Amino acid sequence: MRITVIGSGYVGLVSAVCFAELGHEVLSVDNDHAKIALLREGQVPIHERFLPELLNRHRGKRLSFSTSVREAVDQSDAVFITVGTPQSETGEADLSFVEAVAREIASAIHDFKVVVEKSTVPVRTCESLRKTLLLNGARQDLFSVASNPEFLREGTAVTDFLYPDRVVIGVDDQVSASLLSSIYRPLTDGSYYRQENAIPLTGYAHAQAPIIVTDAKSAELIKHASNAFLAMKISFINAVANIAESVGADIEQVCEGIGSDSRIGRKFLNAGIGYGGSCFPKDVQAFRMVAEQCNYEFGLLTEVMRVNTEQRTRFLRKVRNALWTLRGKRLGVLGLAFKGDTDDIRESAALEIISALLKEGACVCAYDPAAIPKAKEVLDENNMSYAADPYMAAAGCDAVLILTEWKEFAQLDLEKLRSVVKHPILIDGRNLYRPADVARAGFVYHSIGRSVAIPESMIFDGKSEATRRESAIRLATIPGWRQESGQPLQPAS
Ligand code: UDX
């Protein structure tokens, strides 16, 4: 199959490279000449696992690059639109890039094409796409329009594409249905997974990827509703975490208990400082606007967004409670990206928290395995510095903060960390550690939805050595140790 993918951002580039991996002839198009020049040389502009390997495997063979929509459309059977749909001032998705591309596609349709929207768009965009193509001169019998939403997470986008939980194709006619089905056949018949040089995924459960065929509008709704549901799951568990913290329960144990119900599932139940990124914040907002336009007040989504914002404020309060005042305090911050395994800082909770800390007069030294260059472009330079590893970021600090769930941050040498900090306070916005382990390493450990854990050596309750040792871990998890008043390290009664 000859495929054109218009837009070489995260979704477009990953899709183009993966379509080539499935055996198709692919043209990846972007109007950014510099980006296309880089890609032609085999340089990958984004941090994404397996992307460099696949780009080099197919570049100049089944995968080529162009800046001309016309030329690319002319040479293909299917045209995927993967341009950005940013948030407009009103919160709706701004579809002007999609419309501009549709106009260009229309003028290049001389034989039959299936035009597929892959960008995240509001329901009924397929209808507008169809109208725009007609208005701009495409003959009705020379195209059909379909929706093929993506469910790619940054950092695992390549394996998400090649090992999907499901492929959704939204089609209103048989031609689109059979063309899109054949594009994905190597996944849906499992032949890709039997290839010797297939990109590996350990623990993959399907021998064949399931395919769900719907009408176009339903596919569009599936995308927005999926992202909104996942965001709701995160806000829900964060709300429960706040209760757990108040009563001295442990949110991780609660999650285990809730998530073991197969109707709920354990994934996306990680409490923390809230969701960020280029999708969830924008998509939840846009979906709420879609509902409004349908005269439906989707108050549940308003609350999902409110809880998410509040989670960052609560974390800042936690930092203040642990340190009392912030002016002049030195904080070692681990994590800048909106989540682990990416250099993306869009809508990153970490950056929002750092900006607030800087405003309150704290000095921040940050480390992130990938996102430092991007963070440097947006963060205030005053009182802000960057380190080459987590221990350098923590050196001489009044407290260490974990803001992004990089695997590397879950495997720190706590003894070493303890030896470089000024004060042993670890405030973990991602619950990467077991409280007792961190306390044993000598840190006062604050996390989300769990009581503060205190090292045995800091418990001044006047008891005998043996009793102290015995009760230390127990004390560390009782709510009396929360430092609501800013009075550290004393039991409540
Ligand atoms: C998301 C969707 O998962 C993907 O299907 C869609 O196509 C694009 O948007 P992505 O934005 O890459 O992908 O990130 P994701 O892994 O979903 O995480 C989103 C945010 O939620 C991150 O900030 C992450 O830290 C946070 N998160 C995730 C939690 O706070 N808790 C969780 O349990 C999971």
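Now for a look at the structure at hand. (Residues numbered from 1 in each chain as written. Predicted model: local features only at pLDDT ≥ 70, side-chain atom pairs only at ≥ 80, totals over all residues. Heavy atoms only, no water.)

### Comments concerning the site of the ligand
Around the ligand lies a shell of 19 residues, among which Glu154, Lys223, Asn270, Phe338 and Glu405 are the nearest. One nitrogen or oxygen atom from the main chain of leucine 152 is found 3.3 Å from an oxygen atom belonging to the ligand. The separation between an oxygen atom of the ligand and a polar main-chain atom of phenylalanine 338 is 2.8 Å. Within the complex, the protein chains bury 94% of what would otherwise be the 670 Å² of accessible surface of the ligand. Per-element tally for the shell around the ligand: the top contributor is helix 10 (residues 216-247), with three residues. (Near = heavy atom within 4 Å. Polar contact = N/O pair within 3.5 Å; in protein donor to acceptor, adjacent residues only side chain to side chain. Areas by Shrake-Rupley, 256 points an atom, 1.4 Å probe, with all protein chains shown as cover. Helix = DSSP H or I, 4+ residues; strand = E, 2+ residues; numbered from the N terminus.)

### Comments concerning the sheet that holds strand 9 (residues 330-334)
Within the open sheet, the six strands sit side by side as 11-10-9-12-13-14. Their pairing is parallel. Strands at the two margins of the open sheet, each flanked by one partner only, are strand 11 (384-386) and strand 14 (444-446). This sheet shows a mean twist of 20° between the axes of neighbouring strands, independent of strand direction. With three bridges connecting them, strand 12 (residues 399-402) and strand 13 (residues 425-428) associate as parallel partners. Note on strand 13: the bridge partner recorded for valine 400 is leucine 426. Contacting strand 9, strand 10 (363-367), strand 11 and strand 12, helix 14 (residues 349-359) runs over the sheet at an angle of about 155° to strand 10. (Pairing = 2+ DSSP bridges. Axes fitted to C-alpha atoms, helices over the stretch in contact; angles between N-to-C directions. Contact = heavy atoms within 4.5 Å.)

### Overview of the packing of aromatic side chains
Throughout the structure, instances matching the rule amount to eleven aromatic pairs. Between tyrosine 192 and tyrosine 193 the ring centres are 5.9 Å apart and the planes differ by 75°, which places this aromatic pair in the edge-to-face class. Tyrosine 193 shares its class with tyrosine 192; the two are buried. The structure contains a cluster of three or more aromatic residues connected by ring pairs, namely Phe19, Phe80, Phe161 and Tyr184. In this structure, arginine 166 packs its charged tip against the face of phenylalanine 151, placed 3.6 Å from the ring centre. Directly above the aromatic system of tyrosine 391 lies the positively charged group of lysine 416, at a separation of 4.2 Å from the ring centroid. (Phe/Tyr/Trp six-rings, centres within 6.5 Å; stacked < 30°, edge-to-face > 60°. Buried < 20%, exposed > 50% of the residue type's maximum accessible area, 1.4 Å probe, protein only. Lys NZ or Arg CZ within 6 Å of the ring centre and 35° of its normal.)

### Examining the pairing of strand 10
The element strand 10 is largely enclosed, with a buried count of four among its five residues. Bridge count between strand 9 and strand 10: five bridges; the pairing is parallel. If you follow leucine 331 over to strand 10, its bridge partner there is valine 364. Pairing geometry for strand 10 and strand 11, over three bridges, is parallel. Paired with alanine 366 across the two strands is tyrosine 386, which belongs to strand 11. Remark: the strand 10/helix 15 (residues 372-378)/strand 11 crossover connection has right-handed handedness. (Right-handed = clockwise from strand over helix to strand, strands pointing away.)

### What about the environment of proline 369?
Mapped onto the elements, proline 369 comes out in the loop between strand 10 and helix 15. Given the relative accessible area of 32%, proline 369 is considered partly exposed. Considering only alpha carbons, one finds proline 369 and aspartate 389, 20 residues apart in sequence, at a separation of 7.9 Å. Every residue in contact with proline 369, bar those within four places of it in the chain, is listed here: Trp406, Glu408 and Phe409.

### What to know about empty space enclosed by the protein
Over the atoms, a rolled probe matching the size of one water molecule traces out where space is still vacant. Summed over all chains, the structure comprises one cavity of 30 Å³ or more. By volume, the largest cavity is sized at about 40 Å³. Glu117, Ser119, Thr120, Val121, Ser147, Asn148, Pro149, Glu220 and Lys223 are the residues that line the largest cavity. For the lining of the largest cavity, the residue count by class is two nonpolar, four polar and three charged. (1 Å grid on protein atoms, 1.4 Å probe; cavity = no way out; pocket = protein on both sides within 12 Å on 5 of 7 lines; lining within 4 Å. Points joined across faces, edges and corners; volume = space filled by probe spheres on them. Nonpolar A, V, L, I, M, F, W, Y, C, P; charged D, E, K, R; others polar.)

### Quick word on the sheet that holds strand 5 (residues 113-117)
Ordered in space as 3-2-1-4-5-6-7-8, the eight strands form an open sheet in which the pairing is mixed. The sheet is open, and its two edges are formed by strand 3 (63-66) and strand 8 (211-214), each paired on a single side. Here the strands of the sheet are splayed against their neighbours by 25° on average, with no regard to which way each runs. Sitting on the sheet, helix 5 (residues 96-107) touches strand 1 (2-6), strand 4 (78-81) and strand 5, and the angle it makes with strand 4 is about 160°. Docked against the sheet, helix 10 engages strand 5, strand 6 (143-147), strand 7 (167-171) and strand 8, running at close to 140° with respect to strand 7.

### Brief notes about helix 10
Compared with an ideal rise of 1.5 Å per residue, which puts 32 residues at 46 Å, helix 10 spans 47 Å between its outermost C-alpha atoms and is within 8% of the ideal. Two or three places before lysine 217, at the start of helix 10, stands the capping residue aspartate 215, its side-chain oxygen 3.3 Å from that residue's backbone nitrogen. (Expected span 1.5 Å × (residues − 1).)

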